[in-house]
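Each chain is listed here by its residues.
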Amino acid sequence: MLRHSFSYKGIPLPAEIYDPETIDFVGNRFQVLDDDAFTVTYPKSGTNWMIEILSLIWQQGDPSWCRSVPIWDRSPWLESPNALEKLKSAKPPRLISSHLPIQLFPKSFWGSKAKVIYTFRNPKDLLVSLYHFSKLANFLEEPESLEELLGAFLQGEVLYGSWFDHVKGWLGLRGRENFFCISYEELQEDLRGSVGRICRFLGKDLSDAALASVVQNASFQAMRDNPMANYSLLPGNILDKTKGSFLRKGVVGDWKNHFTVAQSERFGRAYQERMQDLAGTFPWDE
Ligand code: A3P
């Protein structure tokens, strides 16, 4: 699972697309601006969904930008060397995306008014999503089985390290004025209400028609049909589209179709042990 990775301060990162110098620059010298808005997630938690939602909010519901500019250019990837170049010429207010754990996030964020929107997802569904994504993404090693990936995930031996630490680190910011968190499950349950909450956090006042357009154009089907959002523009040597779609299923609870009872119990024990201090926080907590 970590074949193509390097470790930066103990966090495994994908070596084929990132490098330690850039991660170091981002953490220590990247200048965050007060009007930056960051989408932050652990991989496969709904990152691109949130980017699409924010892009549409940025444009008052007008889908033209989303339909004409690739998603990775609308909200460049903080830890990617190419994105840093794009960010230099991006007109503020900037949208920026990242999977970085909190301890590697730019130091300049802490004294700024920049906003972070953190999206999290049931880790069992995330794991299933990652399992399928590993088959298409050539920068990820394909696990032999879900069982193998599950073991690595629980040990934090996957790209971006431990999900538990990532979520606990970021959720430690709850209560700060410039931090907003939402689950993939809440987006699924009530997209319109969620978009309204995100708008309020961002100080964006959208009309009912604009809100409806955000909801319509950020739907799974609309994104799947949009070449600027569905990753079909990425070359085959990065994403092998013959093996599946980036926008794969887009549902809650797919883990039930993949986990055995024993796997679910194993996961549950580790989850309980690591997350007990946050018990009851998440929509999937019983
Ligand atoms: P699945 O593999 O379960 O389908 P990320 O963007 O963080 O890589 O997350 C990808 C996951 O988000 C995939 O999950 C993808 O289908 C899902 N997703 C992306 N856009 C979505 C949307 N508009 N509605 C629901 N799910 C979406």
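Here the residue numbering is sequential within each chain, running from 1 through the sequence in written order. Given that the model is predicted, a residue must reach a pLDDT of at least 70 before its local features are reported, and side-chain atom pairs must reach 80 or more before they are shown or counted; all residues, however, enter totals for whole chains, interfaces and linings. Excluding hydrogens and water, the side-chain figures rest on all heavy atoms present in the structure.

Engineer: Is there a simple way to explain the overall build of the protein chain in this structure?
Structural biologist: A run of DSSP states H or I qualifies as a helix once it reaches four residues; a run of E qualifies as a strand once it reaches two. Both are numbered from the N-terminal end. Regarding its fold elements, the protein chain presents 13 helices and six strands. Note on method: radius of gyration uses C-alpha positions; expected globular size equals 2.2 Å times residues raised to 0.38. Taken against the 2.2 N^0.38 rule, which gives 19 Å for 286 residues, the C-alpha radius of gyration of the protein chain at 18 Å falls within 12% of a compact globule. Here the C-alpha coordinates of the protein chain stretch approximately 50 × 40 × 40 Å along the principal axes. Scored against the burial criterion, the 286 residues of the protein chain give a buried share of 56%. Whether two residues are in contact is decided by their heavy atoms: any pair within 4.5 Å suffices. Here the analysis covers contacts within the protein chain between residues at least 6 apart in sequence; of these, 71% occur between residues at least 24 apart. Only four residue types enter the tally: Lys and Arg on the positive side, Asp and Glu on the negative side, with His and both chain ends excluded. In this description, the location of a charge corresponds to atom NZ of lysine, CZ of arginine, CG of aspartate or CD of glutamate. In the protein chain, 32 side chains carry a positive charge and 35 a negative one; their mean positions are 3 Å apart. Under the scheme applied here, a residue whose accessible area is under 20% of the maximum for its type counts as buried, over 50% as exposed, and between as partly exposed, the area being computed with a 1.4 Å probe on protein chains only.

Engineer: Hey, could you run me through the site of the ligand in this one?
Structural biologist: Neighbouring the ligand are 19 residues; T47, S129, Y184, K249 and G250 lie closest to it. Polar contact is the term for a pair of N or O atoms within 3.5 Å; when the atoms are in protein, one must be able to donate a hydrogen and the other to accept it, and sequence-neighboring residues count only if both atoms are side-chain atoms. With respect to the ligand, the backbone of G46 contributes an N or O atom lying 3.1 Å from an oxygen atom. At a separation of 3.4 Å, a nitrogen atom of the ligand approaches a polar backbone atom of F220. For the area figures, the Shrake-Rupley method with a 1.4 Å probe applies, and any residue is considered shielded solely by the protein chains shown. Protein coverage of the free-state accessible area of the ligand, which is 570 Å², stands at 97%. Elements supplying a minimum of two residues to the shell around the ligand: α2 (47–58), α9 (184–189) and α12 (220–225). When residues of the shell around the ligand are assigned to their parent elements, the largest contribution, three residues, is made by α2. One heavy atom within 4 Å of a molecule or strand is enough for the residue carrying it to be called near that molecule or strand.

Engineer: How should I be thinking about the pattern of salt bridges in this particular structure?
Structural biologist: As a working rule, side chains carrying opposite charge can pair if their charged atoms are close by. Any carboxyl oxygen of Asp or Glu within 4 Å of a side-chain nitrogen of Lys or Arg constitutes a salt bridge here. Counting across every chain of the model gives 13 salt bridges. Across the salt bridge formed by D277 and K168, the nearest N and O atoms sit 3.9 Å from each other. Taken together, the positions of D277 in the segment after α13 (261–275) and K168 in helix α8 (residues 163–171) put the pair 109 residues apart, joining distant regions of the chain. Residue classification places D277 among the exposed positions, given a relative accessible area of 59%. Classification of K168 by relative accessible area gives partly exposed; the value is 27%. For R248, the salt bridge is made with D254, and the minimal N-O distance between the two is 3.0 Å. Given a relative accessible area of 3%, D254 falls into the buried group. Taken together, the shared-partner salt bridges in this structure form one network comprising R248, K249 and D254.

Engineer: Please clarify how the sheet that holds strand β4 (residues 95–98) should be interpreted in this entry.
Structural biologist: Paired through backbone hydrogen bonds, the strands of a sheet run either parallel or antiparallel to each other. The four strands are arranged β4-β3-β5-β6 in an open sheet whose pairing can be described as parallel. A single partner strand is all that each edge strand has here, and the edge strands are β4 and β6 (179–183). Within the sheet, the average angular offset between the axes of one strand and its neighbour, ignoring direction, is 20°. Where strand β3 (residues 37–41) lies against strand β5 (residues 115–120), five bridges are found, and the strand directions are parallel. Paired with T39 across the two strands is I117, which belongs to β5. Those strands touched by α8 are β3, β5 and β6, and its axis lies near 140° from that of β5. The rule for pairing is simple: two strands pair if DSSP sees at least two bridges between them. To obtain each axis, a line is fitted to C-alpha atoms, and for helices this fit is confined to the stretch in contact; angles are then taken between N-to-C directions over 0 to 180 degrees.

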